[in-house]
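# Residue-level structural notes
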Amino acid sequence: QVQLVESGGGLVQAGGSLELSCAASGRTGSSTAMGWFRQAPGKEREFVASINWSGSNTYYADSVKGRFAISRYNAKNTVYLRMNSLKPEDTAVYYCAAAVGMVSGDSPAENDYWGKGTQDTVSS
């Protein structure tokens, strides 16, 4: 069983930055993509970014390309999401996810494990 715990969320002004971390415990395996999704009130959960096991490939939603950066440090079983130039529309609960045997895991259905989420609020 894999547990994912997010940290780093909070309140920031528009144009500011936040960095999220997700620590994984348990055996994720050597072919597990890690990613971030978000869900705003009244909206469906949407893909934000993901990264393959080795970190050689990253994937981003169009809405965050050029502003967000995902990375992972496998020795610590941790994945990060650096968010720059934040906008009010980035306000959401951000969830960490793990997709076993997947390269990108850019669909919610591809992910086997989920964190509980962390609230990020961007004020205008």
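This text gives an overview of the structure that appears in the document. (Residues numbered from 1 in each chain as written. Predicted model: local features only at pLDDT ≥ 70, side-chain atom pairs only at ≥ 80, totals over all residues. Heavy atoms only, no water.)

### As for the state of the cysteines
As a reminder of what qualifies: A pair of sulfur atoms, both from cysteines and within 2.5 Å, is called a disulfide here. Each helix is a run of DSSP H or I of at least 4 residues and each strand a run of E of at least 2, with the numbering of both proceeding from the N terminus. Remark: exposure states derive from per-residue accessible area (1.4 Å probe, protein chains only) relative to the maximum for the residue type, with buried under 20%, exposed over 50%, and partly exposed in between.
Applying the stated criterion across every chain yields a total of one disulfide. The disulfide partner of Cys22 is Cys96, and the gap between their sulfur atoms is 2.0 Å. Given an S-S torsion of about -80 degrees, the disulfide between Cys22 and Cys96 has left-handed geometry. With Cys22 in strand β3 (residues 18-25) and Cys96 in strand β9 (residues 92-100), this pair connects stretches of sequence that are 74 residues apart. Both residues of the pair, Cys22 and Cys96, count as buried.

### Considerations on the side chain of Thr32
Put simply, the rule is: Contacts are residue-level and defined by heavy atoms, with any inter-residue pair within 4.5 Å sufficient.
Topologically, Thr32 is positioned in strand β4 (residues 32-39). Exposure remark for Thr32: the relative accessible area of 1% places this residue in the buried category. Residues in contact with Thr32, not counting those within four places in the same chain, are Asn52, Trp53, Arg72, Ala98, Ala99, Val100, Gly101 and Met102.

### A few points about the sheet that holds strand β7 (residues 68-73)
As a reminder, the rule being used: Strands pair, by our definition, only if DSSP identifies at least two bridges between them. Here the axes come from fitting lines to C-alpha atoms, over the contacting stretch only for helices, and the angles between their N-to-C directions go from 0 to 180 degrees.
One open sheet accounts for four strands, arranged β1-β3-β8-β7; its pairing is antiparallel. Of all the strands in the sheet, the pair left with one neighbour each is β1 (3-7) and β7. Strand-to-strand twist across the sheet, computed as the mean angle between neighbouring axes with direction ignored, equals 15 degrees. One ladder, built from five bridges, connects β1 with β3; its direction is antiparallel. Counterpart to Ser7 in the pairing with β3 is Ser21.

### Overview of the packing of aromatic side chains
Aromatic ring pairs are described here by two measures, namely the spacing of the ring centres and the angle between the planes. Definition in use: Under the pairing criterion, centres of Phe, Tyr and Trp rings, with the six-membered ring standing for Trp, must be within 6.5 Å; the plane angle then separates stacked pairs below 30 degrees from edge-to-face pairs above 60, leaving the rest tilted. When the NZ atom of lysine or the CZ atom of arginine is within 6 Å of a ring's centre and also within 35 degrees of its normal, the charge is said to sit over that ring.
Taken as a whole and assessed by the stated rule, the structure comprises two aromatic pairs. An aromatic cluster is built from Phe37, Phe47 and Trp114, whose rings are joined through pairwise contacts. Above the face of the Trp114 ring, Arg45 is positioned so that its terminal group lies 4.8 Å from the ring centre.

### Quick notes on the side chain of Asn111
Threshold: For this analysis, a polar contact is any N or O atom pair within 3.5 Å, provided that within protein one partner can donate a hydrogen and the other can accept it, and provided that sequence-adjacent residues contribute only side-chain to side-chain pairs.
Structurally, the position occupied by Asn111 is in the loop between β9 and β10 (113-114). Within polar-contact distance, the side chain of Asn111 engages the backbone oxygen of Gly105 at 3.1 Å. If sequence neighbours within four positions are ignored, Asn111 has contacts with Phe37, Ala97, Ala98, Ala99 and Gly105.

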